[in-house]
Amino acid sequence: MSDDTLLDRALIRLEEAANHLKIDQDVIEKLKYPRETTKTRLLIRMDDGSRKSFLAWRCRYDDTRGPTKGGIRFHPDSTVEEVETLAFWMTFKCAVMNLPYGGGKGAVRVDPHQLSKSELERLSRAYVQAFANIIGPDRDIPAPDVYTNAMIMGWMSDEYNQITGEVSPAVITGKPIALGGSLGRNDATARGGFYLVRNLAAELGLDKDHTVAIQGFGNAGQYYARLSAADGNSVVAVSDSAGAIYRPGGLDVEKLIAGKEAGRRVADMASELGAKVISADELLSVEVDLLVPAALEDMITKDNAGTVKAKVVLELANGPVTPDGDKILNEKGVIVLPDILANAGGVTVSYFEWVQNRQGYYWDLEEIHARLLKIVEREGRAIWDIAQSRKVSVRSAAYIHALGRLANAIEAHGTQPFFAG
Ligand code: NAD
């Protein structure tokens, strides 16, 4: 077992990409470390009258290309290292899509399922009270992530407005529509991945009716299942944190989503869907064309990557494949569409929300979809072409693409040769 941290492993991508570009060493020095990470404890009153404190962080990794942008995660296993790594990925993701943002991220170490709704509201508001000087529409713009949602963003936005005495909806994205949220934000992550796969289908060797397995049946996974099934593909296996199911002839996606909405687990619906219960690891090795990890990081590792039978992996989750796992997938000829491209539809529609908030004029759903499609197809194609021309993986190509943009911005501030000259 290596002592490398999640961030060390993420930084391998930066070094790899740098080998392909002629960039100043200052650029690497700047991108190797987070610019600022703030840690605090949120002390809230519980419903039983006691007080409880929770560790919380906000990281602004790099703001060279614009205000930092990134979600807030509520999770019992959150660590500072995870927050900084996610913020690093956000820096590259925003550059991949050419959004005028840097990268950030936040988290609270909490199991939100153990809190009542009013405790959750107090915790969300406490987060904004603690970080009110760090966030801001031109400084650092949070959004939802794992176990946070539009309702929480609504509370946070309201708290920020109360603190500043102004109405600044652009301070946070992923808000409810009634508070300035954007149409199309709910399924944006999945839709971005779906547009990408559809646009590159011929190059990826995916037929019009390909089969799909989805790990993690939450926001990203459910919407992907719906979009893909509606386009004529067959979703044959899905999992959540409690188990997995498989039906070679295809699952009834709408029934599954209705069951999840009613609070059920996928494995509990197996018999009524005519599906077989399988183990979490078996889901990865199911005979499918496309495997979609949409749960958490580090799910496909050196221990199970060898069992993957899919032609293509679409990383809707952030960091689901470890570098060791990635190497094995590459050697097997599995094409991995990397997280910083595959799930960037979410931050792209968050950007649309921020733009609409600032201009005070709101687009209809058609316009949102058309704008998202244009960006995903443009950047996806550019990255595919880099992968072909440089004979590198799509992941390396995405990092090369993003690093080129980051380097341009950093070098424009003046780098070593400029000052030495
Ligand atoms: P979510 O909380 O809605 O869903 C996560 C799902 O994963 C749940 O169904 C959970 O049961 C399942 N899960 C957890 N552990 C699992 C395990 N070991 N095996 C199988 N399933 C497991 O979260 P989400 O918003 O869909 O996010 C999922 C991933 O996508 C995360 O990595 C997140 O960072 C990434 N992502 C989400 C968005 C977004 O807009 N929602 C944007 C970009 C990236």
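Our subject is the structure that appears above.
Presented here is an overview of the structure given in this document.

Basis of the calculations
Residues numbered from 1 in each chain as written. Predicted model: local features only at pLDDT ≥ 70, side-chain atom pairs only at ≥ 80, totals over all residues. Heavy atoms only, no water. Helix = DSSP H or I, 4+ residues; strand = E, 2+ residues; numbered from the N terminus. Axes fitted to C-alpha atoms, helices over the stretch in contact; angles between N-to-C directions. Parallel < 35°, antiparallel > 145°, perpendicular 65-115°, else oblique. Left-handed = near helix turned anticlockwise from the far one by under 90°. Contact = heavy atoms within 4.5 Å. Pairing = 2+ DSSP bridges. Near = heavy atom within 4 Å. Polar contact = N/O pair within 3.5 Å; in protein donor to acceptor, adjacent residues only side chain to side chain. Areas by Shrake-Rupley, 256 points an atom, 1.4 Å probe, with all protein chains shown as cover. Buried < 20%, exposed > 50% of the residue type's maximum accessible area, 1.4 Å probe, protein only. Right-handed = clockwise from strand over helix to strand, strands pointing away.

What to know about unusual backbone geometry
The backbone of Y147 shows a phi angle near 60°, a positive value even though the residue is not glycine. Mapped onto the fold, Y147 is located in the loop between β5 (140-144) and α5 (150-164). Although it is not a glycine, D298 adopts a positive phi angle of roughly 55°. On the secondary structure map, D298 appears in the loop between β10 (290-293) and β11 (312-314).

Looking at the packing of helix α13 (residues 365-390) against helix α14 (residues 394-412)
Packed helix pairs are specified by the crossing angle of their axes together with the interaxial distance, meaning the distance between the axes. One way to put it is that α13 packs onto α14 with a least axis distance of 8 Å and a crossing angle of 110°. Between α13 and α14, the interaxial angle falls into the category roughly perpendicular. Relative to α14, the crossing made by α13 is right-handed. Of α14, the residues touching α13 (which contributes E379, A382, I383, W384, I386, A387 and R390) are V394, A397, A398, I400, H401 and R405.

A few points about the sheet that holds strand β6 (residues 211-215)
Paired through their backbone hydrogen bonds, the strands of a sheet run either parallel or antiparallel. The 7 strands are arranged β9-β8-β7-β6-β10-β11-β12 in an open sheet whose pairing can be described as mixed. The open sheet is flanked by β9 (276-278) and β12 (335-337), the only strands paired with a single partner. Going across the sheet, the axis of each strand differs from the next one's by a mean of 20°, ignoring polarity. Across 3 bridges, β11 lies against β12 in parallel orientation. The partner of V313 across the bridge, within β12, is V336.

A closer look at the site of the ligand
With respect to spatial proximity, 22 residues lie near the ligand, and among them T189, N219, A220, S241 and N318 are the closest. Backbone polar atom of L316 to an oxygen atom of the ligand: 3.4 Å apart, as the coordinates give it. Bound to the protein, the ligand loses 84% of the 830 Å² it would expose on its own. Mapped onto the shell around the ligand, the elements with two or more residues apiece are α7 (219-230) and β7 (234-240).

Focus: the pairing of strand β3 (residues 68-75)
Judged by how many residues are buried, β3 sits mostly within the fold: 8 of 8 residues are covered. As defined by bridge partners, β3 adjoins strand β4 (residues 102-109) across 6 bridges and the pair is classed as parallel. Its bridge partner lying in β4, K69 is registered against G103. Crossover β3 to β4 through helix α3 (residues 80-96) is right-handed. The sheet contact formed by β3 and β5 spans 5 bridges and is parallel. Each bridged residue has a counterpart across the sheet, and for T68 the counterpart in β5 is D140.

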